[in-house]
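Per-entry structural report
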Amino acid sequence: MAAQERVGTSIQASEAGPDLPKNAFRLAQTTQLDALLTIVRDQRTSRGDFIFYCDRIFRLLVEEGLNHLPVIEKQVTTPTGQTYNGVGFQGAICGVSIMRAGEAMEQGLRECARSVRIGKILIQRDEETALPKLFYAKLPEDISERYVLLLDPMLATGGSAIKAIETLLEYKVAEERILFLNMLSSPEGLRKVCEAFPKARVITGWIDRGLDEKSYIVPGIGDAGDRYFT
Ligand code: PRP
Ligand code: URA
């Protein structure tokens, strides 16, 4: 049976602003999501609460990412003896986290996809120049046969995400099988990544105002990795 492409419940980010790309998607801008992000943004939020509320947002992002995977028609018989014409996922997935902050999203993925394979890419922004540097990549051997959920909560200049996606392409992952999940984007970073990889999809929680002189997202949440892990 033919696989059918179904787009998830996220609103295309292009609806939020005329010049945003078509392959950018934004979570539904609910008051719940805004309330979760308000806690995460607050500089007085304790580390425990920061982790708890980030995890809730990560779970929403993963659930939305799964909405973008293709499904195939599937028929089951229910306990009432009736036939139900539903759908089942088609195609294998894996996660790839951009270390370090991306690792925080792994749990959300595991909660939705038990025993999912997870690869790691270590990319760090130089604190002075904000330019990304690739240190390490360890990816599942059969990654080229999988849909890849690329995980990193922050999309600032876009440099780290671009390097990570270039790495996935070197490992022969098809661009259209890459879904980049992030919690917070700058408009310029989001545009840069989407334009560099028009067949990949970026699913973001919220699009902020922009970047400051140190290339931090504003109003933003500060250093996500530091606040989550240290
Ligand atoms: C942060 C963040 C992204 C990157 C985003 O990582 O987690 O990977 O910056 O910035 P960009 O879009 O301008 O590249 P960082 O390099 O600070 O490392 P960390 O995860 O260890 O905090
Ligand atoms: N990395 C972060 O953790 N936060 C930003 O605002 C930008 C990059």
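Residues numbered from 1 in each chain as written. Chains lettered and ligands numbered in written order. Predicted model: local features only at pLDDT ≥ 70, side-chain atom pairs only at ≥ 80, totals over all residues. Heavy atoms only, no water.

- Per an unreviewed UniProt entry, the chain carries the name uracil phosphoribosyltransferase and comes from Mixia osmundae.
- If you open the UniProt record of the chain and go to Cofactor (unreviewed entry), you find "Mg(2+)".
- UniProt lists a comment for the chain under the heading Pathway (unreviewed entry), and it reads "Pyrimidine metabolism; UMP biosynthesis via salvage pathway; UMP from uracil: step 1/1." (UniProt positions renumbered as here; feature names shortened; annotations may be inferred.)

Some thoughts on the pairing of strand β7 (residues 118–125)
- The pairing of strand β6 (residues 93–99) with β7 spans five bridges and is parallel. Each residue of the ladder has a partner; that of Ser-97, found in β7, is Lys-120.
- Note: β7 against strand β8 (residues 132–138), six bridges, orientation antiparallel. Note on β8: the bridge partner recorded for Arg-125 is Pro-132.
- Linkage of β7 to β8, two consecutive antiparallel strands, is achieved through a turn of six residues, within which Ala-130 is found at a positive phi near 65°. (Pairing = 2+ DSSP bridges. Helix = DSSP H or I, 4+ residues; strand = E, 2+ residues; numbered from the N terminus.)

Concerning the site of ligand 2
- Surveying the vicinity of ligand 2 reveals the residues Arg-125, Met-154, Ala-156, Ser-215, Tyr-216, Ile-217, Gly-222, Asp-223 and Ala-224.
- Within the backbone of Ala-224, one N or O atom sits 2.8 Å away from an oxygen atom of ligand 2.
- Relative to its unbound accessible surface of 240 Å², ligand 2 loses 89% to contact with the protein.
- When atom positions are compared with the pocket grids, ligand 2 is found to occupy the largest pocket.
- Residues belonging to the shell around ligand 2 are distributed by class as follows: five nonpolar, two polar and two charged. (Near = heavy atom within 4 Å. Polar contact = N/O pair within 3.5 Å; in protein donor to acceptor, adjacent residues only side chain to side chain. Areas by Shrake-Rupley, 256 points an atom, 1.4 Å probe, with all protein chains shown as cover. 1 Å grid on protein atoms, 1.4 Å probe; cavity = no way out; pocket = protein on both sides within 12 Å on 5 of 7 lines; lining within 4 Å. Sits in = over half its atoms within 2 Å of the grid points. Nonpolar A, V, L, I, M, F, W, Y, C, P; charged D, E, K, R; others polar.)

A few points about the pattern of salt bridges
- All chains considered together, the criterion is met by nine salt bridges.
- A salt bridge links Asp-42 to Arg-44; the shortest N-O distance between them is 3.0 Å.
- Two residues, Arg-100 and Asp-223, come together in a salt bridge whose shortest N-O distance is 4.0 Å. Taken as a pair, Arg-100 in the loop between β6 and α3 (106–112) and Asp-223 in the loop between β14 (217–218) and α6 (224–229) lie far apart in primary sequence, 123 residues in all.
- For Asp-223, a relative accessible area of 24% translates into the label partly exposed.
- Three or more residues are tied together by salt bridges with common partners; here these are Arg-59, Glu-63 and Glu-111. (Salt bridge = Lys/Arg side-chain N within 4 Å of Asp/Glu carboxyl O. Buried < 20%, exposed > 50% of the residue type's maximum accessible area, 1.4 Å probe, protein only.)

A short note on the packing of aromatic side chains
- With the rule as written, the count across this model stands at three aromatic pairs.
- Considering the side-chain rings of Phe-52 and Tyr-53, the 4.9 Å spacing of their centres and the 85° angle between planes classify their relative orientation as edge-to-face.
- Classification of Phe-52 as partly exposed rests on a relative accessible area of 45%.
- Here the aromatic rings of Phe-58 and Tyr-228 are separated by 6.3 Å at their centres, their planes lie at 35°, and the arrangement is tilted. Pair noted here: Phe-58 is in helix α2 (residues 47–67) and Tyr-228 is in helix α6, with a separation of 170 residues, a long-range link. (Phe/Tyr/Trp six-rings, centres within 6.5 Å; stacked < 30°, edge-to-face > 60°.)

Quick word on the layout of surface pockets
- As a volume, the largest pocket reaches approximately 760 Å³.
- Together, 32 residues line the largest pocket, and Gln-124, Arg-125, Ser-160, Tyr-216 and Asp-223 are the ones closest to its centre.
- At the level of secondary structure, the elements contributing two or more residues to the lining of the largest pocket comprise β6, β7, β10 (154–155), α4 (159–170) and α6. (Points joined across faces, edges and corners; volume = space filled by probe spheres on them.)

A word on the pairing of strand β5 (residues 83–89)
- Pairing of strand β4 (residues 71–77) with β5, which is carried by seven bridges, proceeds in the antiparallel orientation. Each residue of the ladder has a partner; that of Lys-74, found in β5, is Gly-86.
- Hairpin connection of β4 to β5: five residues between the antiparallel strands, including Gly-81 at a positive phi of 80°.

Considering the site of ligand 1
- Lining the immediate environment of ligand 1, one finds 15 residues, of which Arg-125, Asp-152, Thr-157, Gly-158 and Ser-160 sit closest.
- With respect to ligand 1, the backbone of Ala-101 contributes an N or O atom lying 2.9 Å from an oxygen atom.
- Between ligand 1 and the protein, one listed contact pairs an oxygen atom with a backbone N or O atom of Arg-125 at 2.6 Å.
- Calculation on ligand 1 without its partners gives an accessible area of 500 Å², and the protein chains cover 92% of this total.
- More than half of the atoms belonging to ligand 1 lie within 2 Å of the grid points that define the largest pocket.
- Mapped by element, the contributors of at least two residues to the shell around ligand 1 are β7, β10 and α4.
- Across the shell around ligand 1, the residue classes break down as five nonpolar, six polar and four charged.

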